Amino acid sequence: MADAKVIPFDEDRPRRRGAPRKVRAVPAPAEAVEPAGPVDGPVPVPVPAPAPPGDGWDRRIAGGLAFLRRRITGEYEVDDFGYDKELTDQVLMSLLRPVYDKYFRVEVKGIENIPKEGGALIVANHSGTLPLDGLMLQVAVHDQHPAERHLRLLAADLVFMLPVVNEIARKAGHTLACAEDAQRLLEAGELVGVMPEGFKGIGKPFGERYKLQRFGRGGFVSTALRAGTPIVPCSIVGAEEIYPMIGNAKTLARLLGLPYFPVTPTFPWLGPLGAVPLPTKWTIQFGEPIPTDGYAPEAAEDPMLMFNLTDQVREQIQHTLYKLLVQRRSVFF
């Protein structure tokens, strides 16, 4: 694929047609003016000339046209996993940001616990019937981190079997949840996100909300140990209530090849309208990182060490969830 090109634009402002206008001279900055003698009264402060109206919109339109041109001509890049950084920043993040800011009103805590550079594994709880928590986590890391880092999520194989969803997920930086891909990304200095509860967490009934399910066999710990990258626990509050799952149509789920078929107070009774999530108030908190670079190379094969580290991460996430639940005033405010 051809390298991306930088397309220069004319920075000159467009000339207006019609009769010439009188232009008022703008005085030089105060520090550049040397008074000839003592001045009575206040010294006038120079006022900078205002930018012409529409200048910001001109740049946005030019940038949008340049983006469309690169899309049409194929002059953009994707990495080995199909990640399209430009499309993610310009389109996908722009679509998710209003949901993040205005609808769920996400509050982020502990963003300083994510490294400024280098690889790290972010481990979070999973909930909400649909995986909106992963998408909001991506926006939180990108928009709140001083370095505007990108989070590469590990997704289940079902995501890559669905048409359209498959392409969008890869463009957004998601990759298959396997140890080999995760280790490659971590060793390349990327932030990798994993939700070890999987379908057991996202599809659990409403009565079990905020109770963490099993974290599997600790494969994520083994991957972090091999790459020598820290593990950052992450707790998400608010996602559990967006689709209160009060039932599971298991027969229909088997027919459709899905891990579960949710029944909520609004879905499927209200049809497509019932698929609109409830506007809950979210809080995402990143805990203190757990270092892994002090272990010997063979530590990744030690089942007892993996069990202990997995349990440590799980307990830290669960404890933070309970603390955030006690602190919040309401599900919606």
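Residues numbered from 1 in each chain as written. Predicted model: local features only at pLDDT ≥ 70, side-chain atom pairs only at ≥ 80, totals over all residues. Heavy atoms only, no water.

Draft legend 1. Here's a closer look at the overall build of the protein. Regarding its fold elements, the protein presents nine helices and nine strands. Contacts spanning at least 24 positions in sequence make up 77% of the contacts within the protein whose residues lie at least 6 apart. Carbon together with sulfur atoms contributes 60% to the accessible area of the protein, which is approximately 20,000 Å² in total. (Helix = DSSP H or I, 4+ residues; strand = E, 2+ residues; numbered from the N terminus. Contact = heavy atoms within 4.5 Å. Areas by Shrake-Rupley, 256 points an atom, 1.4 Å probe, with all protein chains shown as cover.)

Draft legend 2. View of the pairing of strand β5 (residues 191-194). A two-sided burial pattern is seen for β5, the buried positions comprising L191 and G193 on one face and V192 and V194 on the other. Across four bridges, the pairing between strand β2 (residues 120-124) and β5 is parallel. Pairing of V123 across the sheet is with V194, part of β5. Relative to β5, strand β3 (residues 151-155) runs parallel, the two sharing three bridges. For R152, the partnering residue across the bridge sits in β5 and is V192. (Buried < 20%, exposed > 50% of the residue type's maximum accessible area, 1.4 Å probe, protein only. Pairing = 2+ DSSP bridges.)

Draft legend 3. Layout of the pattern of salt bridges. One pass over the full model with this rule turns up 14 salt bridges. R71 serves as the salt-bridge partner of D84, at 2.7 Å between the closest nitrogen and oxygen. Linking D84 in the loop between α1 (55-73) and α2 (85-103) with R71 in helix α1, this pair joins segments that are 13 residues apart in sequence. Classification of D84 by relative accessible area gives buried; the value is 0%. Each of the salt bridges in this network shares a partner with another, and the network as a whole consists of R70, R71, D84 and E86. (Salt bridge = Lys/Arg side-chain N within 4 Å of Asp/Glu carboxyl O.)

Draft legend 4. Spatial organisation of unusual backbone geometry. Here the bond from F267 into P268 is cis, since omega is 5 degrees, no more than 30 degrees from zero. Relative to the elements of secondary structure, P268 occurs in the loop between β8 (262-263) and β9 (283-286). Look at T129: it is not a glycine, yet its phi comes out positive at around 75 degrees. Within the secondary structure layout, T129 lies in the loop between β2 and α3 (132-144). Of note in the backbone geometry, V164 takes a positive phi value of approximately 70 degrees without being a glycine. Relative to the assigned elements, V164 resides in the loop between β3 and α4 (165-171).

Draft legend 5. Broad picture of the packing of α2 against α3. In the contact formed by α2 and α3, the axes pass within 10 Å of each other and the chain directions differ by 105 degrees. Regarding the angle of α2 to α3, the classification is roughly perpendicular. Across from D89, M93, L96, R97, V99 and Y100 in α2, the residues of α3 making contact are L135, M136, Q138, V139, A140, H142, D143 and Q144. (Axes fitted to C-alpha atoms, helices over the stretch in contact; angles between N-to-C directions. Parallel < 35°, antiparallel > 145°, perpendicular 65-115°, else oblique.)

Draft legend 6. Geometry of α3. For α3, spanning 13 residues, the distance from its first C-alpha to its last is 18 Å, which sits close to the expected 18 Å at 1.5 Å a residue. When α3 is considered as a whole, its buried residues turn out to be D133, G134, M136, L137, Q138, V139, A140, V141 and H142. (Expected span 1.5 Å × (residues − 1).)

Draft legend 7. Structural detail: the pairing of β3. For β3, the tally of buried residues reaches five of five residues, placing the bulk of the element in the interior. Pairing analysis gives two bridges linking β3 to strand β4 (residues 175-176), with the strands arranged parallel. Within the sheet, the bridge partner assigned to A155 lies in β4 and is L176.

Draft legend 8. Spotlight on the sheet that holds β4. In space, the seven strands of this open sheet follow the order β1-β9-β6-β2-β5-β3-β4, with mixed pairing throughout. On the outer flanks of this sheet lie β1 (107-109) and β4, each paired with one strand and no other. On top of the sheet, helix α9 (residues 303-327) reaches β1, β2, β6 (231-237) and β9; it is set at about 30 degrees to β6, its chief contact.

Draft legend 9. Quick peek at α2. Within α2, the axis deviates most sharply at M93, by approximately 45 degrees. Those residues of α2 not exposed but buried are L87, T88, D89, L92, M93, L96 and Y100. Capping the start of α2, D84 holds a side-chain oxygen 3.4 Å from the backbone nitrogen of E86, two or three residues further along. The positive-phi residue at the C-terminal boundary of α2 is R105, with phi of around 45 degrees. (Bend = angle between axes of the 7 residues up to and from the residue. Polar contact = N/O pair within 3.5 Å; in protein donor to acceptor, adjacent residues only side chain to side chain.)

Draft legend 10. Structural view of the environment of D79. With respect to the helices and strands, the residue D79 is situated in the loop between α1 and α2. By relative accessible area, D79 is classed as partly exposed at 27%. Along the backbone, D79 and K171 are 92 residues apart, and their C-alpha atoms lie at a distance of 9.5 Å. A polar contact is formed between the side chain of D79 and the backbone nitrogen of F81, at a distance of 2.9 Å.

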